[in-house]
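Understanding the architecture of this molecule
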Amino acid sequence: MKRKILGFLAICLLVGLTNINAAFLLKMPDTSKSGDVISDGSYVGLGSSHYIAGDNTANKGIRCFLTFDLSSLPAGSTITSAYLNLTAATVYSDPFGDLGNMYLEQVRYGSSLTGGDYNTASVKFICGYAGKPTTAKNVTTAVNNEFSLGYTRFQVRLRFTSKSDNNGDFDRIVFSGPTLSISYTTGVTSATLQTNKSTYPLGETVYFTLKNTGTTDIGSTTNNPWMIQKYITGSWTTCYVPGVALAPWTIHPGQSKTWSWGQNSNTMIPIDDANYRVRVTIGSNTWTDNFKIESGPPLNITATASKSQYTVGDTVKIYIKANKNCSVKFYLQKPVGGESLLSTTLTSLTGNVTYTLNIPSSTGSSITGTYRFRAVATVGSETDEDETLYDVAAAETPAPTTTPAPTTTPPPTTTAPPTTTPAPTTTAPPTTPVPTGRFSVSKPEYKQGEAVEMYLESTGTTPIQLPNTAPWTVFRVEGGLFEVYNPDAAEIITEVPGHMSWIWNQKDNLGESVPEGNYKIILRTLNAGEYSASFKITGEVAPPTTQPQTTTPSPLSSLLENPLVLIGGAVLLLLLVLIIVLALKK
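Criteria and thresholds
- Residues numbered from 1 in each chain as written.
- Predicted model: local features only at pLDDT ≥ 70, side-chain atom pairs only at ≥ 80, totals over all residues.
- Heavy atoms only, no water.
- Helix = DSSP H or I, 4+ residues; strand = E, 2+ residues; numbered from the N terminus.
- Buried < 20%, exposed > 50% of the residue type's maximum accessible area, 1.4 Å probe, protein only.
- Contact = heavy atoms within 4.5 Å.
- Areas by Shrake-Rupley, 256 points an atom, 1.4 Å probe, with all protein chains shown as cover.
- Polar contact = N/O pair within 3.5 Å; in protein donor to acceptor, adjacent residues only side chain to side chain.
- Pairing = 2+ DSSP bridges.
- Axes fitted to C-alpha atoms, helices over the stretch in contact; angles between N-to-C directions.
- Phe/Tyr/Trp six-rings, centres within 6.5 Å; stacked < 30°, edge-to-face > 60°.
- Lys NZ or Arg CZ within 6 Å of the ring centre and 35° of its normal.

All right, on to the overall build of the chain then. Secondary structure assignment for the chain yields 5 helices and 41 strands. Put simply, the chain has 586 residues, and 38% of those count as buried. Here the contacts in the chain between residues at least 6 apart in sequence split such that 71% fall between residues at least 24 apart. With an accessible surface of roughly 31,100 Å², the chain has 55% of that area assigned to carbon and sulfur atoms.

Encoded structure:
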C-alpha cells in the first residue's frame, strides 16, 4: 500500500511539471537563412552551425545574421518571455580590444540572406557587449512585437563598432549554439498599441491605435482608459489624463480603436521638446508606445499673388505655403470698406505644400485700387502671418472715333430715311477645358521591400499642374489614415502634359522598412483636385524547414529554465522524502 501511494505521488509530480511547461519552445537558428556576410559582399556563409562576427586577414568586416522561425507559435498566442542565449561562443585573437564593442540589433532581411544585407537597416537596437556574452538576453518585447505584426521570423545581427583594425589578424567571435527560448500562453488577451508617427512637431495632434491581435475580445467600461507620460529626469511622469466617462466598448479580434491627444497638459507639466509615451490600461493589461515631440523651426507662412495687377472682373489667384501643418484664416482689405474675413478658412494646411486660393471678382475686386490680402496661420501656441498687395485696374475701352464736321449742302428735295446700324454681335470668351487625369499603381499587391511604382496620366487637353516635383504622400490604412512617407521635392510648379511616374521603396520617413498591411497614396494637384491609389503589402511565406522543432523539454531542463518550477518541485520533492521517512519509521 505504501509503495502504491509513493508511486502515485511521483506520477503526480511528473505530470504537474510537464503541464506547467507545456507552452514553451526552444528554437535553434534556421540555417537556410542564418550565416555570415563579408563587408564587400564577396561571401555569404549559410548552412553552418557556427556563426562569426569580427574581421578577417584581408581586413574585411564580418557580420553575423541569425533567423529564428516563429511560424510554430499558435495564432493569438501571448509571448510571456523570450531569451536569446549567445553564451556558447569562442573568442579568437582580440576582437573586443581591436574592433570595439559588439552590438546586437534586430533586423528584417526577409526569406534569404545576401551580400547586400551587410548594411541592412536596423529595426531596433537591443544591446551592446564589451566582451563575450555571459548571460541570456531578454528580447521579449522585440519578439512579441514581430509576432503581433504578423511576421513569421525573428532576425538579429551581431556587428562590431569598427569594420576592421587593418592589422591582418583574424579577430572574431564564433557562436556555436545560439538559442531562442520562448514561453507563451494561448487564448488570452493580446494587443498592440501604436502611434501614427514616431516624431511630432510641437502642437500637432497625436493619434494612437490599440489593435486586438489575440483570440478574445478586449473591452472597457470607460471611454478613455489611457494617459500621456513625459520622460523627466530618468522616470515617466504623467502629464495628461483625459476625462473619463462610463461608455462601454469592445474590440473584437482583428479590430482596433483609435484615440487622439492634442498635446495639452492638465497637470502643470509643460509640453515641449521631450520623449513621451501613451499608456493604455484595461483590467490587468497595460500597453505603451513611445514617441517624441520636437518644436523644430518657428512657424512661417507666405502669401503671394500670381500677378501684381488685375483687371476688373479677373479672378485673383493667391499662393499660400507654410513650413508646418497649421490652420489658416484669410483677410482681404479693399480700397474702400476696410478689412474683412473671407469665408474660406483652412482648418488644416499641410506643411510644405502650396495651396492656391482663387478670389472671384464678386469679392470686392470689381472696385479699382490697391488690395491687401493677409493670411494668418496658427499651430499650438505659435502664430505667423504674411500679406501680399495687388492692384485692380479698370478694363481698357477703345478711344472714341472723331467724326469730321459735315459739309453744308443744299437740302435735298426729298429727305432720305435714317439708316439703322445693326447691334454688334457679342462673342463669348473661349473657356479652358477642365484638366483630367488618372492615377494608379503598377499592381494591387506587393511583397515586402518591393518597389511600388505609381503613374499619373493626363487624359485631357489641359495639362495638370503639380505644386512640386513629387506631391504625393503614402498613408497606412488601419482604422484611419496614418502618414508613413512624404517625399522631399523641389518646390517647382510642374506641368504634366502627358504622364509622370514615381517609385517608392517601402521606407518610412525614418528610413525604416514598413510592415505588412493596406496602404494608400494620395497625390495633390493645383488644378485637378486630388487622386488616390490603394494597394497591399504582404510578407513572403517562409518555405517549410526540414529542421525538427523542439517541443516541450524534459522536466529537468524545464527546472533549469523556470525558477518558479524549481521552487515548486523542490517543495514537492521534500514532501515526498518526508512521507518516505515516516513510512520507514512505521
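A few words now on the side chain of Lys230. Structurally, the position occupied by Lys230 is in strand E18 (residues 226–232). When its relative accessible area of 7% is taken as the criterion, Lys230 is described as buried. Polar contacts involving the side chain of Lys230 include one to the main-chain carbonyl oxygen of Pro270, which spans 2.8 Å. Residue contacts for Lys230: discarding those within four places in its chain leaves Ser235, Trp236, Thr237, Cys239, Ile269, Pro270, Asp272, Ala274, Asn275 and Tyr276.

We now examine the sheet that holds strand E29 (residues 355–359). Read from one edge to the other, the open sheet built from 3 strands follows the order E24-E26-E29, with strand pairing classed as antiparallel. Each edge of the open sheet carries a strand with a single partner, namely strand E24 (301–305) and E29. Averaged over all pairs of adjacent strands, the angle between strand axes in this sheet comes to 25 degrees, irrespective of strand direction. Here strand E26 (residues 316–322) pairs with E29 via 5 bridges, running antiparallel. When the sheet's bridge partners are listed, Val316 is paired in E29 with Ile359.

Relative to the assigned elements, Thr383 resides in strand E31 (residues 382–393). For Thr383 and Val328, which are 55 residues apart along the polypeptide, the C-alpha to C-alpha distance reads 9.6 Å. Not counting chain neighbours up to four residues away, the residues in contact with Thr383 comprise Leu299, Val376, Ala377 and Thr378. Separated by 3.0 Å, the side chain of Thr383 and the backbone oxygen of Ala377 make a polar contact.

With 3 bridges joining them, strand E25 (residues 309–311) and E31 adopt parallel strand pairing. Opposite Thr311, over in E31, you have Ala393 as the bridge partner. In this structure, strand E30 (residues 369–379) lies alongside E31, joined through 11 bridges in antiparallel fashion. Across the sheet, Arg372 pairs through a bridge with Leu389, a residue of E31. Here E30 folds back onto E31 in antiparallel fashion, the turn holding 2 residues, of which Gly380 has a positive phi close to 60 degrees.

In this section: the pairing of strand E28 (residues 339–349). Judged from the 6 bridges that link them, strand E27 (residues 326–333) and E28 form a sheet pairing that is antiparallel. Following the sheet pairing, Leu332 is matched in E28 by Ser340. Between the antiparallel neighbours E27 and E28 lie 5 residues, among them Gly337 with a positive phi of about 100 degrees.

Let us look at unusual backbone geometry. Located in the positive-phi region is Gln263, a residue other than glycine, with phi close to 60 degrees. Take Gln263: it is sitting in the loop between strand E21 (256–261) and strand E22 (274–282). Gln263 sits in the buried class, given a relative accessible area of 9%. Located in the positive-phi region is Asn352, a residue other than glycine, with phi close to 65 degrees. When you line up the elements, Asn352 lands in the loop between E28 and E29. Judged by relative accessible area, Asn352 falls into the partly exposed class, the value being 42%.

This part is about the packing of aromatic side chains. What the rule picks out here adds up to 21 aromatic pairs. Geometrically, the ring pair formed by Phe96 and Phe160 is edge-to-face, given 5.3 Å between the ring centres and 70 degrees between the ring planes. Of the two residues, Phe96 sits in helix H2 (residues 95–98) while Phe160 sits in strand E11 (residues 153–160), which places them 64 residues apart along the sequence. Accessibility classification places Phe96 together with Phe160 in one group, the buried group. With centroids separated by 4.9 Å and ring planes inclined at 75 degrees, the aromatic side chains of Phe208 and Trp226 adopt a geometry described as edge-to-face. Placement of the pair is Phe208 in strand E16 (residues 206–212) and Trp226 in strand E18, with a sequence separation of 18 residues. Side by side, Phe208 and Trp226 carry an identical accessibility label, which is buried. The structure contains a cluster of three or more aromatic residues connected by ring pairs, namely Tyr200, Phe208, Trp226, Tyr240, Trp249, Trp259, Trp261, Tyr276 and Phe291. Sitting above the plane of the Trp249 ring, Lys257 keeps its charged end 5.3 Å from the centroid. Stacked on the ring of Tyr331, the Lys or Arg Arg374 has its end atom at 4.6 Å from the ring centre.

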